[in-house]
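Structural overview for review
Okay, here's what each chain looks like letter by letter:
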Amino acid sequence: MDGERKRGERLRSFAYGAALGASAAIAAARRRRPRRRQRETPAGLAAFEDAPCYRETVERERDAS
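Structure report, in brief. In this text, all values refer to a predicted model and were calculated from it rather than measured experimentally. (Residues numbered from 1 in each chain as written. Predicted model: local features only at pLDDT ≥ 70, side-chain atom pairs only at ≥ 80, totals over all residues. Heavy atoms only, no water.)

Structural notes on the overall build of the protein chain
Our working rule: Numbered from the N terminus, helices here are DSSP runs of H or I no shorter than four residues, and strands are runs of E no shorter than two. Each radius of gyration reported is based on C-alpha atoms, and the globular scaling rule is 2.2 Å times the count of residues to the power 0.38. Burial here depends on accessible area, computed with a 1.4 Å probe over protein chains only, as a share of the maximum for the residue type. Under 20% is buried, over 50% is exposed, and the range in between is partly exposed. Note that accessible areas follow from Shrake-Rupley with a 1.4 Å probe, and for residues the cover is restricted to the protein chains shown.
Each helix and strand counted, the protein chain has three helices and zero strands in total. Listed by position from the N terminus, the elements making up the protein chain come as α-α-α. Taken over C-alpha atoms, the radius of gyration comes to 31 Å for the protein chain, far larger than the 11 Å a tight globule of 65 residues would show. Taken along the three principal axes of its C-alpha coordinates, the protein chain extends 95 × 25 × 10 Å. Across the 65 residues in the protein chain, those meeting the buried criterion constitute 2%. For the protein chain, the exposed surface amounts to about 6,900 Å²; the carbon and sulfur share of it is 52%.

Structure (C-alpha cells):
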C-alpha cells in the first residue's frame, strides 16, 4: 500500500509541475515584446564622427597640415 501511495504522490507532483510549466510557456508566448523605438542618436561610425572630441581632433589635424 505504501508503494502505491508514493507512486500516486509522484504522479500528482508530476501533473502539477507539467500544468505549471505549460501555463508559464503559454504566458510567455502571449506576452508582447515592446517595440523598438527609432534611435534618436546615430549608431556606429556616425555617432563617433559626431562626437565633440573627434571633431576637435579633425580640426587640430587640419590646422597642423
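Some thoughts on the environment of Arg36
Considering the arrangement of structural elements, one finds Arg36 in the loop between helix 1 (2-30) and helix 2 (45-49). Among the residues examined, Arg36 registers a relative accessible area of 84% and is labelled exposed. Taking the C-alpha atoms as reference points, Arg36 and Ala22, 14 residues apart in sequence, are found 28 Å from one another.

Details of the pattern of salt bridges
Basically, it comes down to this: The rule for a salt bridge is simple: a side-chain nitrogen of Lys or Arg has to be within 4 Å of a carboxyl oxygen of Asp or Glu.
Throughout the structure, instances matching the rule amount to one salt bridge. Glu56 is paired through a salt bridge with Arg60; the nearest N and O atoms lie 3.7 Å apart. Placement of both Glu56 and Arg60 in helix 3 (residues 52-64) is noted, with a separation of four residues, approximately one turn of the helix. Classification of Glu56 by relative accessible area gives partly exposed; the value is 43%. Taking relative accessible area as the criterion, Arg60 reaches 58% and is therefore assigned exposed.

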